[in-house]
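Next come the chains, spelled out residue by residue.
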Amino acid sequence: PAERARRRAAQLGADPETVLAEQAVRDERDSARADSPLRPAADAVVLDTTGLALEQVVAQISAQARRVAGSAAGG
């Protein structure tokens with residue numbers, strides 16, 4: 001959450017602590033709502049991008065896609 005708030009604050013030119021607080025309220029509201037609560041899909045792959053450069057994120061996504069494609073092809 002802190003890294004997400006830091007990135008968003010940088011985009012907006014806002015205070016990271018303010019963004020973090022607003023984000024926490026929004027995330028709680030969205031995950032607790034009765035209709036379509038915010039939750040990862042059962043088969044979602046969670047990728048922590050904290051501290052990673054764009055190229056590193058792309059490399060991890062590509063590696064995961066290759067793993068999934070390999071297991072779908074039987075090997």
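Here the structure is a predicted model, which means the values were calculated and not measured.

Scoring rules and cut-offs
Residues numbered from 1 in each chain as written. Predicted model: local features only at pLDDT ≥ 70, side-chain atom pairs only at ≥ 80, totals over all residues. Heavy atoms only, no water. pLDDT = per-residue confidence, 0-100. Helix = DSSP H or I, 4+ residues; strand = E, 2+ residues; numbered from the N terminus. Axes fitted to C-alpha atoms, helices over the stretch in contact; angles between N-to-C directions. Parallel < 35°, antiparallel > 145°, perpendicular 65-115°, else oblique. Left-handed = near helix turned anticlockwise from the far one by under 90°. Contact = heavy atoms within 4.5 Å. Nonpolar A, V, L, I, M, F, W, Y, C, P; charged D, E, K, R; others polar. Buried < 20%, exposed > 50% of the residue type's maximum accessible area, 1.4 Å probe, protein only.

1. Some words on the confidence of the model for the chain
Next, step 1: Scored by pLDDT, the chain has a mean of 92; 97% of the residues are at 70 or more.
Next, step 2: Per-residue pLDDT, averaged within each element of the chain, yields its smallest value for helix H3 (residues 54-72) (92) and its largest for helix H2 (residues 16-32) (96).

2. Quick look at the packing of helix H1 (residues 2-12) against H2
When two helices pack together, their arrangement is given by the angle between the helix axes and the distance between those axes.
Next, step 1: It is the contact of H1 with H2, at a shortest axis distance of 8 Å, that shows an interaxial angle of 120 degrees. In terms of orientation, H1 lies oblique with respect to H2. The element H1 and its partner H2 pack so that their crossing is right-handed. Residues Ala2, Arg4, Ala5, Arg8 and Ala9 of H1 lie in contact with H2, whose contacting residues are Pro16, Val19, Leu20, Gln23, Arg26 and Asp27.
Next, step 2: Tallied by class, residues from the contact of H1 with H2 come to 6 nonpolar, 1 polar and 4 charged.

3. A closer look at unusual backbone geometry
Next, step 1: Positive phi outside glycine occurs at Ser36, with the angle close to 50 degrees.
Next, step 2: Within the element layout of this structure, Ser36 appears in the loop between H2 and H3.
Next, step 3: The exposed category is assigned to Ser36, whose relative accessible area is 59%.

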